[in-house]
Amino acid sequence: MSYILIQILLLVLPWRIRRLLLQALFNWSIAPGAKIGLSVIAVEHVKQALDGQIGHLNIIKGLSSLDLGEASRIGHLNWITANPASVSRHFV
């Protein structure tokens, strides 16, 4: 939950500052040419290669890691979710 709150607070910052803070606070690996739009990513490990982009208004949560290769893209208005690996039970 803290991922979501911190990222919402960081959305008002310019991308260059936000990228540095995301890397420092969450230990994410974001290449200089990569960009994350106005989106919330509640994922523990993020690795984003050169020119990888995540568009605006996306929610990505429940994944243990997100690895975007070079020049990969996630568009706008996506909801990407998974059952966390730490949860042994499936849907109730």
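Here we summarise the structure given alongside this text. (Residues numbered from 1 in each chain as written. Predicted model: local features only at pLDDT ≥ 70, side-chain atom pairs only at ≥ 80, totals over all residues. Heavy atoms only, no water.)

Quick notes on the pairing of strand E7 (residues 65-68)
Note the threshold: Burial status follows relative accessibility: with a 1.4 Å probe on protein chains alone, a residue under 20% of its type maximum counts as buried, one over 50% as exposed, and anything between as partly exposed. Each helix is a run of H or I in the DSSP string that is no shorter than four residues. Each strand is a run of E no shorter than two, and both are numbered from the N terminus. A pair of strands is labelled paired if DSSP reports no fewer than 2 bridges between them.
Side-chain alternation along E7 places Leu66 and Leu68 on a buried face and Ser65 and Asp67 on a face that remains uncovered. Bridge analysis of strand E4 (residues 45-48) against E7 gives 4 bridges, and the strand direction is parallel. In the sheet register, Lys47 faces E7, and the bridge partner there is Asp67.

Quick look at the sheet that holds strand E5 (residues 53-54)
Read from one edge to the other, the open sheet built from 3 strands follows the order E2-E5-E8, with strand pairing classed as parallel. Where the open sheet ends on each side, the last strands, each with one partner, are strand E2 (35-36) and strand E8 (73-74). Two strands pair when backbone bridges link them, and E2 and E5 are joined in this way by 2 bridges, in the parallel orientation. Within the sheet, the bridge partner assigned to Ile36 lies in E5 and is Ile54.

Examining the side chain of Gln48
Under the convention used in this document: In this description, contact between two residues means that some pair of their heavy atoms is separated by no more than 4.5 Å.
Mapped onto the secondary structure, Gln48 falls in strand E4. With relative accessibility at 2%, the residue Gln48 sits in the buried group. When residues no more than four places from it in sequence are discounted, the contact partners of Gln48 are Ser29, Ile30, Ala31, Ala34, Lys35, Ile36, Gln53, Ile54 and Leu68.

Brief notes about the nonpolar core
Selection criterion: Here, nonpolar core refers to any group of buried Ala, Val, Leu, Ile, Met, Phe, Trp, Tyr and Cys residues whose side-chain atoms link them within 4.5 Å.
Counting residues in each nonpolar core, the largest one holds 17 residues, and the members touching the most others are Leu22, Trp28, Ile36, Ile41, Ile54 and Leu66. Those elements giving two or more residues to this core turn out to be helix H2 (15-26) and E7. The dominant element in this core, judged by the number of residues it contributes, is H2, at 3 residues. Sequence-distant contacts of Leu66, that is, excluding residues within four places in its chain, are made with Ile41, Val43, His45, Val46, Lys47, Ile54 and Ile60.

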